[in-house]
Amino acid sequence: MAPGPSAMEIPMPAPICLIENSPAGELQVQQEALRVLAEISHPVVVVAIAGLYRTGKSYLMNRLASKRTGFSLGSTIQSHTKGIWMWCLPHPRRAGHTLVLLDTEGLGDVEKGNTKNDTWIFALAVLLSSTLVYNSMGTINQQAMDQLQYPALRGDEGEDSAEFVQFFPAFMWAVRDFMLDLQLDGRKITEDEYLENALKLKPGSSKQDQPYNLPRKCIRQFFPARKCFIFVQPASRKRLRRLEELQEDELDSEFQEQVAQFCHHVWEISKTKTLLGGHVVTGASECR
Ligand SMILES: Nc1nc2c(ncn2[C@@H]2O[C@H](COP(=O)(O)OP(=O)(O)OP(=O)(O)O)[C@@H](O)[C@H]2O)c(=O)[nH]1
Ligand SMILES: [Mg+2]
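Small disclaimer: the values here were computed from a predicted structure and weren't measured. (Residues numbered from 1 in each chain as written. Chains lettered and ligands numbered in written order. Predicted model: local features only at pLDDT ≥ 70, side-chain atom pairs only at ≥ 80, totals over all residues. Heavy atoms only, no water.)

Turning to the coordination of the magnesium ion (ligand 2), a few remarks are in order. Coordination of the magnesium ion (ligand 2) by the protein comes from Ser 58 (OG) and Thr 81 (OG1), over a distance range of 2.0 to 2.2 Å. Remark: Thr 81 occurs in the loop between helix 2 (57–64) and strand 4 (84–90) and Ser 58 occurs in helix 2; sequence separation between them is 23 residues. (Donors = N, O, S within 2.8 Å, 3.2 Å for Na, K, Ca; no water. Helix = DSSP H or I, 4+ residues; strand = E, 2+ residues; numbered from the N terminus.)

This next bit is on the nonpolar core. Residues Met 86, Leu 101, Trp 173 and Phe 262 are the most contacted members of the largest nonpolar core, which totals 75 residues. Here this core gets seven residues from one element, more than from any other, and that element is strand 3 (residues 44–51). Those residues in contact with Met 86 that sit more than four places away from it in its chain are Met 12, Pro 15, Ile 16, Leu 18, Ala 33, Val 36, Leu 37, Phe 71, Val 100, Leu 101 and Leu 102. (Core = buried A, V, L, I, M, F, W, Y, C linked by side-chain atoms within 4.5 Å. Buried < 20%, exposed > 50% of the residue type's maximum accessible area, 1.4 Å probe, protein only. Contact = heavy atoms within 4.5 Å.)

Further remarks concern the site of ligand 1. In the neighbourhood of ligand 1, 20 residues make up the surrounding shell, with Lys 57, Ser 58, His 80, Thr 81 and Asp 177 lying closest. Contact between ligand 1 and Thr 55: an oxygen atom at 2.9 Å from a main-chain N or O atom of the residue. Here ligand 1 is seated within the largest pocket. Top element by residues in the shell around ligand 1 is helix 2. It accounts for three residues. In terms of residue class, the shell around ligand 1 is built from seven nonpolar, nine polar and four charged. (Near = heavy atom within 4 Å. Polar contact = N/O pair within 3.5 Å; in protein donor to acceptor, adjacent residues only side chain to side chain. 1 Å grid on protein atoms, 1.4 Å probe; cavity = no way out; pocket = protein on both sides within 12 Å on 5 of 7 lines; lining within 4 Å. Sits in = over half its atoms within 2 Å of the grid points. Nonpolar A, V, L, I, M, F, W, Y, C, P; charged D, E, K, R; others polar.)

Here the focus is the packing of helix 2 against helix 9 (residues 253–269). Pairs of packed helices are described in terms of their axes, by the angle between the two and the distance that separates them. Following both chains from N to C, one finds helix 2 and helix 9 inclined at 65°, their axes separated by 10 Å at the closest point. Taken as axis vectors, helix 2 and helix 9 run roughly perpendicular relative to one another. Crossing of helix 2 over helix 9 shows right-handed handedness. Counted together, Tyr 59, Leu 60, Arg 63 and Leu 64 of helix 2 and Phe 255, Val 259, Phe 262, Cys 263, Val 266 and Trp 267 of helix 9 form the full contact between these two elements. (Axes fitted to C-alpha atoms, helices over the stretch in contact; angles between N-to-C directions. Parallel < 35°, antiparallel > 145°, perpendicular 65-115°, else oblique. Left-handed = near helix turned anticlockwise from the far one by under 90°.)

Counted as a void, the largest pocket has a volume near 760 Å³. Forming the boundary of the largest pocket are 28 residues, of which Arg 54, Gly 56, Gly 74, Ser 75 and Leu 240 lie nearest the centre. Of all the secondary structure elements, the ones that give two or more residues to the lining of the largest pocket are helix 2 and helix 8 (237–240). If one sorts the elements of the lining of the largest pocket by residue count, helix 2 sits on top with three residues. Partitioning the lining of the largest pocket into residue classes produces seven nonpolar, 11 polar and 10 charged. (Points joined across faces, edges and corners; volume = space filled by probe spheres on them.)

This part takes up the pairing of strand 7 (residues 170–176). Counting buried positions along strand 7 yields seven of seven residues, so the element is predominantly enclosed. Residues Ala 170, Met 172, Ala 174 and Arg 176 point to one face of strand 7 and Phe 171, Trp 173 and Val 175 to the other, with burial holding for every one of them. Bridge count for strand 6 (residues 131–137) against strand 7 is seven bridges, and the pairing is parallel. In the sheet register, Thr 131 faces strand 7, and the bridge partner there is Ala 170. When strand 7 meets strand 10 (residues 226–230), the two strands line up parallel, connected through five bridges. Residue Phe 171 lies in a different strand from strand 10, and its bridge partner there is Arg 226. (Pairing = 2+ DSSP bridges.)

With that out of the way, let us pick up the sheet that holds strand 4. Strand pairing in a sheet relies on backbone hydrogen bonds, with the paired strands running either antiparallel or parallel. Spatial ordering of the open sheet is given by 2-1-4-5-3-6-7-10, a layout of eight strands whose pairing is mixed. For this open sheet the edge positions go to strand 2 (27–29) and strand 10, each flanked by a neighbour on one side alone. In this sheet, adjacent strand axes meet at a mean angle of 20° when their direction is disregarded.

In this section: the packing of aromatic side chains. Counted according to the given criterion, the structure contains 13 aromatic pairs. Between Tyr 59 and Phe 255 the ring centres are 6.3 Å apart and the planes differ by 25°, which places this aromatic pair in the stacked class. Taken together, the positions of Tyr 59 in helix 2 and Phe 255 in helix 9 put the pair 196 residues apart, joining distant regions of the chain. Look at Tyr 59 and you get buried, because its relative accessible area is 5%. Judged by relative accessible area, which is 0%, Phe 255 ranks as buried. Here the aromatic rings of Tyr 134 and Trp 173 are separated by 5.0 Å at their centres, their planes lie at 90°, and the arrangement is edge-to-face. (Phe/Tyr/Trp six-rings, centres within 6.5 Å; stacked < 30°, edge-to-face > 60°.)

What follows is about the side chain of Asp 118. Note that Asp 118 resides in helix 3 (residues 115–128). On the basis of relative accessibility, which here comes to 4%, the residue Asp 118 falls in the buried class. Looking at Asp 118, its side chain comes within polar contact range of the main-chain nitrogen of Gly 108, at 2.8 Å. Leave out the neighbours within four places in its chain, and Asp 118 touches Gly 106, Leu 107, Gly 108 and Lys 112.

Structure below.
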């Protein structure tokens with residue numbers, strides 16, 4: 001008998017919860033999500049997003065899914081996404097591959113006030129993905145930078161780290177509502193130069209400079225493949241609240257272009273997920 005259609009030939013209509021974050025702060029893998037993953041025999045490309053809460057992460061993930069709605073957004077001050085949500089779709093550019101999008105709970109929620117839980121969420125995003133989008137509002141800033149160093153194993157520069165690094169995801173910093181000129185000391189710079197400049201180390205090894213250099217060292221070491229994307233505010237303040245309902249031509253044209261470039265890049269360059277020994281991960285192996 002011919003095998004029935006796999007889960008990926010019937011695309012998931014909406015994301016489902018992969019990791020639940022209970023009110024007590026316990027992270028639990030959801031069995032249904034594992035069943036969905038187990039059905040996927042294709043190689044998977046896993047793109048995760050992480051960053052501070054209420055910064056438009058879920059919206060950007062819907063753009064990567066080429067859908068107006070999907071991952072749920074909120075428009076109030078309260079943190080919205082809880083735990084980690086997963087959406088498996090046929091890869092838009094690679095036949096026979098599945099694109100797995102992971103949307104994660106925002107970091108730094110004042111109502112939660114639990115940085116350890118945040119660190120776990122972030123570490124899972126790093127470990128599960130082949131491309132990690134790190135999202136921040138306005139600028140590349142120190143607070144966001146500090147947040148990044150924890151799962152990068154706190155500056156562990158041991159012998160094993162070189163081996164580790166090859167399984168770390170490609171890294172993309174997404175700066176939202178960017179309103180500045182990309183200029184450095186009077187010279188025009190690219191988005192990537194903007195990121196690299198923020199990651200520059202202070203020379204020497206004075207004690208004073210260590211807190212500055214440590215997160216930068218971690219990021220440089222664990223994410224050797226880095227890109228930066230900037231986005232202007234997608235629409236006027238009034239319209240932002242109903243962003244999901246807006247037609248493409250109601251969005252700021254510069255934003256449309258930036259999103260198109262970003263999606264193109266993510267779809268084109270994101271690799272399949274591999275494990276130690278270079279094994280390509282299928283949905284079934286990701287859930288083992
Ligand atoms: N200013 C601005 N608002 C945005 C942007 N993208 C989405 N929003 C709006 O910001 C609000 C929050 O968007 P979400 O995508 O839910 O943000 P999130 O980062 O997933 O939030 P959490 O799940 O709480 O971490 C919604 O009202 C969106 O319409 C953006 O680029 N700029
Ligand atoms: Mg969200």
